[in-house]
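Results of the structural survey
Listed below, chain by chain, are the residues.
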Amino acid sequence: MAGGLHIVMLAGECVPYAKVGGLADVLGSLPHELEVLGYSVSIIIPRYRSIDLAKFGFEPLTGFDFKSFDVHRSILPGSGAQVFLIGNDGFFGRRGIYTDPVTGWDFPDQADRWIFFQRSALEFISAVLPKVDILHCHDHQTGLAAAYLQRFYRGHPTLARTGTVFTIHNMGYQGVFPADTMARTGLNPAEFFPLSPFEFYGMLNFMKVGVVFSDAVTTVSETYASEIQQSAEFGYGLEGVVRSRLDPPVGILNGIDYECWNPATDPLLVARYSWDELEKKRINKQVVLREFGLDEGRLDRPLVAMISRIDVQKGVDLLIAVLGDLLAQDLAFVMLGAGNKETESQIQTILAKYPRKAALNVGYDDRLAHLIEAGADIFLMPSKYEPCGLNQMYSMRYGTVPVVRATGGLSDTVQEFDPNTGKGTGFRFGPYDALHFKEAINRALRYWADKRAWRRIISNGMQSDFSWARSARRYAELYDSVRSRYQA
Ligand code: ADP
C-alpha cells in the first residue's frame, strides 16, 4: 500500500471540538488510524464560538492575510493530525452548530455559512498546505468543495492532482436551498439548469453536487450503500443520481473509538469491568436508576435504555407506540436525548404515568451516555433508517444487548441471537411497525431471564471487532485507488 499520502478532510464537526452526531466521531477517530497506515491527515472545520481555543491549544496562524476569515491551528489529541479552524464571527460566532438552540430550527443563513466555509477552506488549502493527494469531504455541508476544486483550483500546484472522496453520513440531510442560492456560490449560474449536477426539483442541492463531482462516494455501511440506491425511502430523491454514478458508492462501516468506549478503562463509569466481571455492570445500573430518580428496588429487573437524537429518523414514533406495553411489564426504562420539542413532551407525558419506573432526561450529556451504556441491560434502536449507527456498537462493547431495526449499519453490525448455534449479538426486526418492534423487545426480555443464554449474547457482542483500524484499511485502499487515477 502506498504510504505518505496527504489527506485533507473537510467537515462541519469533529470530536472533541464540536459534535452533533456520529460524523464528529469519524473525524475524531479515523485520522489517527490513517496515520498508523502511513498517511498524513489535515482536518478543516469552522471555528464555532463554543470551541475553547486555549483548552485545545489552538494558535492563530500568522503570515497570511485572508481578509474575510482567520485560521487557528492545533493538533488532534492522540494523533499527529493537524486541525485548522476557519473563523468568521458573522457566520460561526454564534451559539449552535447547524441549528439555532433557541428555536431548534436550522439557521436561516445555512447555505451562506457553508458556501463561505468551503470557499475559505479551499483558499486556505491552496495558499498554505502542502500538496493534497485526496480531498475527503463529509456530508452536504462540504458537498460543493469538489465542484470548486474542479472549476477554480486545478491551476494551483497544491490541488492540481487532488482526487476527491465524498462520504454520505446521512442522506436525510441534503442541504437543499432555493435556486437563487446558486448566484451566491460563486459558480457559474449557467450551470444551474434542469437535471444539471446542481439542480434538484428547481432547487440547489449540495449533496447532489458532492455525489456527482467526487471521484469516489462512500457511505458508512454496506447495507446503507445499497439502500440509498434502491428507493426514495432511503435516497430521499437522490437514489437515481447515486445509481447513475459509474462507480457505485462504497460502504465502509464506521469504527468506534476503542479508547474512549472501553468499559475496562472508561473514567466516566462508576465501576469499570471486562467481560468476566459483568456483575460490576450492576453498580453502574444502580447509579443510572438513582440519577434518573427511579426506584432502586428495580435493580434486579431489566433496565431498558435509549440514547438518541429525538428525531423521526431514530424511530421515536415506534418507541411512542410501544411504550405503554413496554412499561406495563416489570422493568425500568431510561432515555437520554434531545431534539424535536413536541416529541420530547409527548414522551414525557407517557413516562409521567410511570414516575419511579421510567424517565427521560432531555439534553446532551456524554458522561450520562457512557454510564447508561454500562448500566443498561437492553438498548433500543428502532431507526427508520440508520447509515451506520454508533450506539449499537457501544452497547455491544459494554455488554448491553441491542434491539435494532434491521436497516443500514444496524443490519451490518447486529446479528439475531440463535439459541441453536449460540451465535448472535442482539435482536432485530424488519418491517417498520410497532408490532415487530414489540416482538423483538419481548424476545430480548425472554432471553434476559435465561442467564446462560444472556451471558452468551453479551460475550458475543463484547468480542466483536468494531475497531477503526479495520475501517481505516478500507479507506486507505480507496484513497490509493482514487489517487492512481491522477498519476501521469
Ligand atoms: P446520529 O449521528 O444519527 O445521531 P449515531 O448513533 O451515529 O447517530 O451517533 C450518535 C452519537 O451521539 C453517539 O455517540 C451517541 O452516544 C451520541 N448521543 C446522541 N444523543 C446523545 C445525548 N443526548 N447525550 C449524549 N450523547 C448522545
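Values in this document were obtained by computation on a predicted structure and should not be read as measured data. (Residues numbered from 1 in each chain as written. Predicted model: local features only at pLDDT ≥ 70, side-chain atom pairs only at ≥ 80, totals over all residues. Heavy atoms only, no water.)

This next bit is on the side chain of Ser467. Tracing the chain through its elements places Ser467 in the loop between helix H17 (451–462) and helix H18 (468–484). Within polar-contact distance, the side chain of Ser467 engages the side chain of Asp465 at 2.8 Å. For Ser467, the contacting residues outside a window of four places in its chain are Gly255 and Tyr258. (Helix = DSSP H or I, 4+ residues; strand = E, 2+ residues; numbered from the N terminus. Polar contact = N/O pair within 3.5 Å; in protein donor to acceptor, adjacent residues only side chain to side chain. Contact = heavy atoms within 4.5 Å.)

All right, on to unusual backbone geometry then. Omega for the peptide link from Val15 to Pro16 comes to 10°, which places this bond in the cis form. Counting through the fold element by element, Pro16 comes out in the loop between strand S1 (6–10) and helix H1 (22–36). Look at Tyr201: it is not a glycine, yet its phi comes out positive at around 50°. Locating Tyr201 in the fold gives a position in the loop between strand S9 (199–200) and strand S10 (203–205). We classify Tyr201 as exposed; its relative accessible area is 68%. (Buried < 20%, exposed > 50% of the residue type's maximum accessible area, 1.4 Å probe, protein only.)

On to the pattern of salt bridges. For the structure on display, the rule yields 24 salt bridges. Put simply, Glu291 and Arg367 hold a salt bridge, and the shortest N to O gap is 2.7 Å. Here Arg367 lies in helix H13 (residues 366–375) and Glu291 lies in helix H10 (residues 281–291), a separation of 76 residues in the sequence. Among the residues examined, Glu291 registers a relative accessible area of 40% and is labelled partly exposed. Residue Asp311 pairs with Arg309 through a salt bridge whose shortest N-O separation is 3.8 Å. Using a relative accessible area of 19% as the deciding quantity, one classes Asp311 as buried. Residue Arg309 is classed as partly exposed on the basis of its relative accessible area of 28%. (Salt bridge = Lys/Arg side-chain N within 4 Å of Asp/Glu carboxyl O.)

With that settled, the discussion passes to the nonpolar core. One finds Ile44, Phe124, Ile125, Phe333, Ile372, Leu380 and Tyr479 to be the most contacted residues of the largest nonpolar core, which totals 168 residues. Looking at this core, the element that brings in the most residues is helix H3 (residues 110–128), giving nine residues. Each of domain 1 (6–255 + 469–484) and domain 2 (275–465) contributes no fewer than three residues to this core. (Core = buried A, V, L, I, M, F, W, Y, C linked by side-chain atoms within 4.5 Å. Domains from an automatic or database assignment.)

According to the domain assignment, the protein contains domain 1 (6–255 + 469–484) and domain 2 (275–465). Inter-centroid distance (C-alpha atoms) of domain 1 to domain 2 is 32 Å. At the boundary of domain 1 with domain 2, total buried surface from both sides reaches about 1500 Å², with 51% on carbon and sulfur atoms. The interface formed by domain 1 and domain 2 holds zero salt bridges in total. Across the contact surface, domain 1 and domain 2 share 11 residue pairs in polar contact (both at pLDDT 80 or more). Of all the elements in the fold, those that place two or more residues in the side of domain 1 that touches domain 2 are H1, helix H7 (222–230) and helix H8 (232–235). Per element, the largest residue contribution to the side of domain 1 that touches domain 2 is four residues, and it comes from H7. (Buried area = accessible area lost by both parts, 1.4 Å probe.)

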